[in-house]
Amino acid sequence: MAATRGARRAGAYAGQQTYAVALYSDDRIVRQQVRLALGQKVAADLPDLEFFEFATPAALVAGLGERDFDLAILDGEAVPEGGMGLAHQIKDESAFPVPIILLVARAADAWLAAWSRADGISSYPIDPIRLPQTVAEVLRAARAGVATPFADIDEQDPGVGSRH
């Protein structure tokens, strides 16, 4: 991803009409649940959300290379490549990586989400209250230029069951 896009991202939040959200999951039902939980707007002080869906790792990587996104929501349970590995790759390979929220299924996955350097986590089943709160927190932090690694992993309370 080009440095000019990343530099533009840093100042892109002021006056922005919509936030572009990359949504990655191999499961269309998960993508639908995320869109329904978030709706068009997660908070009164934030612009509307515009979703761009990706069902394969290659499509996500290509999409991130083609346009600026304000946020990426990645399914940690996706197959054949989970969101945690993709998040790690994105954070390692981009000079200006997009803020990332990971969807995790098990409490034991929280350390992997931290390893991936995600900016937030949300658990399965998709929580229509917690997910919008997490998205709003991450977007506000990005807008303010504040790092958002989730240090309070115990408060995130990831789910104990798998979505499958």
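Presented here is a report on the structure given in the accompanying data block. Quick caveat, the model's predicted, so the values are computed rather than measured.

1. A word on helix α4 (residues 83–93)
Then comes step 1: Inspection of α4 places Gly83, Met84, Leu86, Ala87, His88, Ile90 and Lys91 among the buried residues, and these make up the whole buried set.
Then comes step 2: Its buried side turned inward, α4 meets β1 (18–24), α3 (57–66), β3 (71–75), β4 (100–104) and α5 (110–115).

2. A few points about the pattern of salt bridges
Then comes step 1: Scanning the entire structure with this criterion turns up seven salt bridges.
Then comes step 2: Close ionic contact of Asp45 with Arg140 constitutes a salt bridge, the shortest N to O distance being 2.8 Å. You can see Asp45 sitting in the loop between α2 (28–38) and β2 (48–54) and its partner Arg140 sitting in helix α6 (residues 130–144), a full 95 residues away along the chain.
Then comes step 3: According to the relative accessible area criterion, Asp45 is partly exposed, its value standing at 40%.
Then comes step 4: Between Asp92 and Arg117 there is a salt bridge, with the nearest N and O atoms lying 2.8 Å from each other. Residue Asp92 is found in helix α4, and its partner Arg117 is found in the loop between α5 and β5 (120–123); the two are separated by 25 residues along the sequence.

3. A look at the nonpolar core
Then comes step 1: Val34, Leu38, Ile73 and Val135 are the most contacted members of the largest nonpolar core, which has 24 residues in total.
Then comes step 2: With five residues, the top contributor of residues to this core is α6.
Then comes step 3: Discounting chain neighbours no more than four positions away, the residues touching Ile73 are Val21, Ala22, Leu23, Tyr24, Val34, Leu38, Ile101, Leu103 and Val135.

4. Digging into unusual backbone geometry
Then comes step 1: With an omega of 10°, the peptide bond between Val79 and Pro80 qualifies as cis.
Then comes step 2: Tracing the backbone shows Pro80 in the loop between β3 and α4.
Then comes step 3: The linkage connecting Tyr124 with the following residue, Pro125, adopts the cis geometry, with an omega of -10°.
Then comes step 4: On the secondary structure map, Pro125 appears in the loop between β5 and α6.

The rules behind the values
Residues numbered from 1 in each chain as written. Predicted model: local features only at pLDDT ≥ 70, side-chain atom pairs only at ≥ 80, totals over all residues. Heavy atoms only, no water. Buried < 20%, exposed > 50% of the residue type's maximum accessible area, 1.4 Å probe, protein only. Helix = DSSP H or I, 4+ residues; strand = E, 2+ residues; numbered from the N terminus. Contact = heavy atoms within 4.5 Å. Salt bridge = Lys/Arg side-chain N within 4 Å of Asp/Glu carboxyl O. Core = buried A, V, L, I, M, F, W, Y, C linked by side-chain atoms within 4.5 Å.

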